[in-house]
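Architecture at a glance
Chain by chain, the residues:
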Amino acid sequence: MKLIFDFDYTLFRANKLREAIRDFYRTCGVTDEIFQTTFETSRMAGRDWKPEVQLALFERGGIIDIAACRKGLGDILQSCGKFLYEDTILVLGALREDHQLFLVSHGEDSFQNAKVGASGIASFFQEVIITDDVTKVVPLSNIVGSEGKGSVFIEDNPLALV
């Protein structure tokens, strides 16, 4: 059987990563209000957060220590394994014994790849696909074929497959 997983909020506590980044940015002079405003603006009317766009907004807004913000973001991203749900590694390890595992995640390519890579779980999957399509229809059909028999998709987003 093919088991296809989403990443954020399915295997990974994206809200905890966001909180850690917000908390660090406070030490660089970013208020919660500035963080939230630039977070929303960085999404560019989409669903996915673009931290590099947010950093550019900080810079334009005169945040004093942008280099520290950039370094802190990188350091936090390198520790992404701590944001996995507690049982993620155990469950993926057990499931890969008898199933083909795939990861299909929606989001900004470099940010998603950084999170997945640093979380340490990429090796559990036969393929990791990052897509900008929130419905994920094309990558999922490429994995499961036209009938989709023998496949299960584990996803938190009700817009997927719509």
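Presented here is a report on the structure given in the accompanying data block. Everything numeric in this text was worked out from a predicted model, so none of it was measured.

Some words on the packing of helix H2 (residues 32-42) against helix H3 (residues 51-60)
Put simply, H2 and H3 touch, their axes get as near as 9 Å, and they point 130 degrees apart. Put simply, H2 runs oblique to H3. H3 is crossed by H2, and the crossing has right-handed handedness. Together, Ile34, Phe35, Thr38, Phe39, Thr41 and Ser42 of H2 and Val53, Gln54, Leu57 and Phe58 of H3 make up the contact between the two elements. Across the contact of H2 with H3, the residue classes break down as six nonpolar, four polar and no charged.

Observations concerning the pattern of salt bridges
The full count for this structure, using the stated rule, is 12 salt bridges. Residues Lys16 and Glu19 are paired through a salt bridge, measuring 3.8 Å at the closest nitrogen-oxygen approach. Of the two residues, Lys16 and Glu19 are both situated in helix H1 (residues 14-26); the distance of three residues between them amounts to about one turn of the helix. For Lys16, a relative accessible area of 36% puts it in the partly exposed group. A salt bridge links Lys50 to Asp48, with the nearest nitrogen and oxygen atoms 3.4 Å apart. For the pair Lys50 and Asp48, a shared accessibility class is recorded, and that class is buried.

Digging into the side chain of Thr131
Position of Thr131 relative to the elements: it lies in strand E3 (residues 127-131). Take Thr131: its relative accessible area is 9%, and that puts it in the buried class. At 3.0 Å, the side chain of Thr131 forms a polar contact with the backbone nitrogen of Asp133. What Thr131 contacts, discounting residues up to four positions off in sequence, is Val104, Ser105, His106, Gly107, Lys136 and Pro139.

Examining the layout of surface pockets
In this structure, the largest pocket occupies an estimated 430 Å³ of space. Together, 21 residues line the largest pocket, and Asp8, Tyr9, Ala14, Arg47 and Asp48 are the ones closest to its centre. Listed by contribution, the elements that provide at least two residues to the lining of the largest pocket are H1 and helix H6 (109-119). In terms of residues, the lining of the largest pocket owes the most to one element, H1, which gives four residues. Here the lining of the largest pocket is built from residues that sort into six nonpolar, five polar and 10 charged.

About the criteria used
- Residues numbered from 1 in each chain as written.
- Predicted model: local features only at pLDDT ≥ 70, side-chain atom pairs only at ≥ 80, totals over all residues.
- Heavy atoms only, no water.
- Axes fitted to C-alpha atoms, helices over the stretch in contact; angles between N-to-C directions.
- Helix = DSSP H or I, 4+ residues; strand = E, 2+ residues; numbered from the N terminus.
- Parallel < 35°, antiparallel > 145°, perpendicular 65-115°, else oblique.
- Left-handed = near helix turned anticlockwise from the far one by under 90°.
- Contact = heavy atoms within 4.5 Å.
- Nonpolar A, V, L, I, M, F, W, Y, C, P; charged D, E, K, R; others polar.
- Salt bridge = Lys/Arg side-chain N within 4 Å of Asp/Glu carboxyl O.
- Buried < 20%, exposed > 50% of the residue type's maximum accessible area, 1.4 Å probe, protein only.
- Polar contact = N/O pair within 3.5 Å; in protein donor to acceptor, adjacent residues only side chain to side chain.
- 1 Å grid on protein atoms, 1.4 Å probe; cavity = no way out; pocket = protein on both sides within 12 Å on 5 of 7 lines; lining within 4 Å.
- Points joined across faces, edges and corners; volume = space filled by probe spheres on them.

Coordinates in, geometry out; function isn't part of it.
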